[in-house]
Amino acid sequence: GAGVSQSPRYKVAKRGQDVALRCDPISGHVSLFWYQQALGQGPEFLTYFQNEAQLDKSGLPSDRFFAERPEGSVSTLKIQRTQQEDSAVYLCASSLVYGASAQETQYFGPGTRLLVL
Amino acid sequence: SQQGEEDPQALSIQEGENATMNCSYKTSINNLQWYRQNSGRGLVHLILIRSNEREKHSGRLRVTLDTSKKSSSLLITASRAADTASYFCATGVSGTYKYIFGTGTRLKVLA
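Keep in mind that this is a model prediction, so the values were computed, not measured.

Enquirer: Can you help me understand the overall build of chain A in this one?
Expert: Check the secondary structure of chain A and you find 0 helices and 11 strands. When the helices and strands of chain A are read in sequence order from the N terminus, they spell out β-β-β-β-β-β-β-β-β-β-β. In summary, chain A has a C-alpha radius of gyration of 13 Å against a globular reference of 13 Å for 117 residues, a match within 12%. Overall, the C-alpha framework of chain A stretches about 40 × 25 × 25 Å when taken along its three principal axes. Every one of the 117 residues in chain A was classed for burial, and the buried ones make up 48%.

Below, the structure is given as structure tokens:
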């Protein structure tokens, strides 16, 4: 596809349930970012991958959050034992640039809206 | 939260008028970007300005950057109803891979 895709688009989970959110970046994009966006707020950085290497995970809010990108393309964000405060939109973005700093134009997916009941 | 701040939080103007929104940040940056987000959708990149640049234009968009004041502004000229969206600034923090987004300005352009 031409853009970043994410699945599922919507997810309703019961508190305590584990969820897995998928991101398919643009083909050939080296950098991949995950963000969390609460209602009415800007996105907050969660983690960054350069190919398969997770170079920054400082934004993950707790050890219940885990992300991987084992083959350097598709990425999965997993949230264990979900809690109500995890309810948010989870955005994935990819970027073509490779290098010490990946700070170039990011292309965002449509997001996964997670609701924890 | 590390979010930068944007003002105004909300802005309502008539079609054809100009819209200006401001962004303030706290860290040293490599660049600053502006994004647009339509309701319920992902973010669309508008423009990137590097830390050594002071002004940049793209179509009806004009961005300024003042690193001494740690602030940026986005001007949309001759606004259209289709410009109705939320606008976010995002700063690329020096020495990291991280972007810090602002809290956003909700722009409504009335036809």
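Enquirer: What should I look at first to understand the packing of aromatic side chains in this one?
Expert: What characterises a pair of aromatic rings is the spacing of the ring centres plus the angle enclosed by the ring planes. For the structure on display, the rule yields 11 aromatic pairs over all chains. Centroid distance A:F33 to A:Y48: 4.8 Å. Interplanar angle 40°. Geometry classified as tilted. Here A:F33 is found in strand β4 (residues 31–37), whereas its partner A:Y48 is found in strand β5 (residues 44–50), with 15 residues between them in sequence. Ring centres of A:F108 and B:F101 lie 6.1 Å apart, and the angle between their planes is 80°; this geometry places the pair in the edge-to-face category. Residue A:F108 is found in strand β10 (residues 107–108), and its partner B:F101 is found in strand β10 (residues 99–101); the two belong to separate chains. By relative accessible area, B:F101 is classed as buried at 1%.

Enquirer: Mind showing me how you'd approach the side chain of A:D86 here?
Expert: Residues and elements named next belong to chain A. One can find D86 in the loop between β8 (75–79) and β9 (88–95). At 2.8 Å, the side chain of D86 and the side chain of R64 are in polar contact. Leaving out residues up to four positions away in the same chain, D86 has contacts with Q36, R64, F65, I79, L114 and V116.

Enquirer: Please explain the interface of chain B and chain A as it appears in this structure.
Expert: As a measure of interface size, the accessible area lost when the parts come together is often cited. The interface of chain B with chain A comprises 25 residues on the first partner and 28 residues on the second. Inspection of the chain B/chain A interface yields 0 salt bridges. Contributions of two or more residues to the side of chain B that touches chain A are made by β4 (29–37), β5 (43–50), β9 (85–93) and β10 of chain B. For the side of chain B that touches chain A, the element with the highest residue contribution is β4(B), accounting for 5 residues. Residues that form the side of chain B that touches chain A fall into these classes: 8 nonpolar, 14 polar and 3 charged.

Enquirer: Explain the pairing of β8(A) here, please?
Expert: Residue and element names in this part refer to chain A. Of all 5 residues making up β8, 4 are buried, and the element is well covered by its neighbours. Of the strand pairs in this sheet, strand β3 (residues 19–24) and β8 are connected by 5 bridges, and their pairing is antiparallel. Of the residues in β8, the one forming a bridge with C23 is S75. Judged from the 4 bridges that link them, strand β7 (residues 65–68) and β8 form a sheet pairing that is antiparallel. Across the sheet, residue A67 finds its bridge partner in β8, namely L77. Between β7 and the antiparallel strand that follows it, β8, lie 6 residues; G72 among them carries a positive phi value of about 75°.

Enquirer: What is the right way to read the sheet that holds strand β1 (residues 5–7) of chain A from this model?
Expert: Pairing between sheet strands relies on hydrogen bonds along the backbone, with the strands arranged either parallel or antiparallel. Residues and elements named next belong to chain A. Read from one edge to the other, the open sheet built from 4 strands follows the order β1-β3-β8-β7, with strand pairing classed as antiparallel. Two strands in the sheet have a free side with no partner beyond their single neighbour: β1 and β7. Neighbour to neighbour, the strand axes of the sheet diverge by 15° on average, direction disregarded.

Enquirer: Hey, could you run me through the nonpolar core in this one?
Expert: Looking at soluble globular proteins, one finds that nonpolar side chains tend to be buried together. Counting 22 residues, the largest nonpolar core has B:M21, B:L32, B:W34, B:L74, B:I76, B:Y87 and B:L107 as the members making the most contacts within it. At the level of secondary structure, the elements contributing two or more residues to this core comprise β2 (10–14), β3 (19–24), β4, β5, β7 (61–66), β8 (71–76), β9 and β11 (105–110) of chain B. Core analysis: the second largest hydrophobic core is formed by 20 residues, A:A13, A:W34, A:I79 and A:A88 among them.

Enquirer: What's the story with the sheet that holds β3(B) in this structure? I'm lost.
Expert: All names here are of chain B. Here 5 strands make up an open sheet; going across it, the order is β1-β3-β8-β7-β6 and the pairing antiparallel. Either end of the sheet is taken by a strand with one partner, and the two such strands are β1 (5–7) and β6 (55–58). Ignoring strand direction, the axes of neighbouring strands in this sheet form an average angle of 15°. When β3 meets β8, the two strands line up antiparallel, connected through 6 bridges. Pairing of A19 across the sheet is with I76, part of β8.

Analysis parameters
- Residues numbered from 1 in each chain as written.
- Chains lettered and ligands numbered in written order.
- Predicted model: local features only at pLDDT ≥ 70, side-chain atom pairs only at ≥ 80, totals over all residues.
- Heavy atoms only, no water.
- Helix = DSSP H or I, 4+ residues; strand = E, 2+ residues; numbered from the N terminus.
- Rg over C-alpha atoms; globule rule 2.2 N^0.38 Å.
- Buried < 20%, exposed > 50% of the residue type's maximum accessible area, 1.4 Å probe, protein only.
- Phe/Tyr/Trp six-rings, centres within 6.5 Å; stacked < 30°, edge-to-face > 60°.
- Polar contact = N/O pair within 3.5 Å; in protein donor to acceptor, adjacent residues only side chain to side chain.
- Contact = heavy atoms within 4.5 Å.
- Salt bridge = Lys/Arg side-chain N within 4 Å of Asp/Glu carboxyl O.
- Nonpolar A, V, L, I, M, F, W, Y, C, P; charged D, E, K, R; others polar.
- Pairing = 2+ DSSP bridges.
- Axes fitted to C-alpha atoms, helices over the stretch in contact; angles between N-to-C directions.
- Core = buried A, V, L, I, M, F, W, Y, C linked by side-chain atoms within 4.5 Å.

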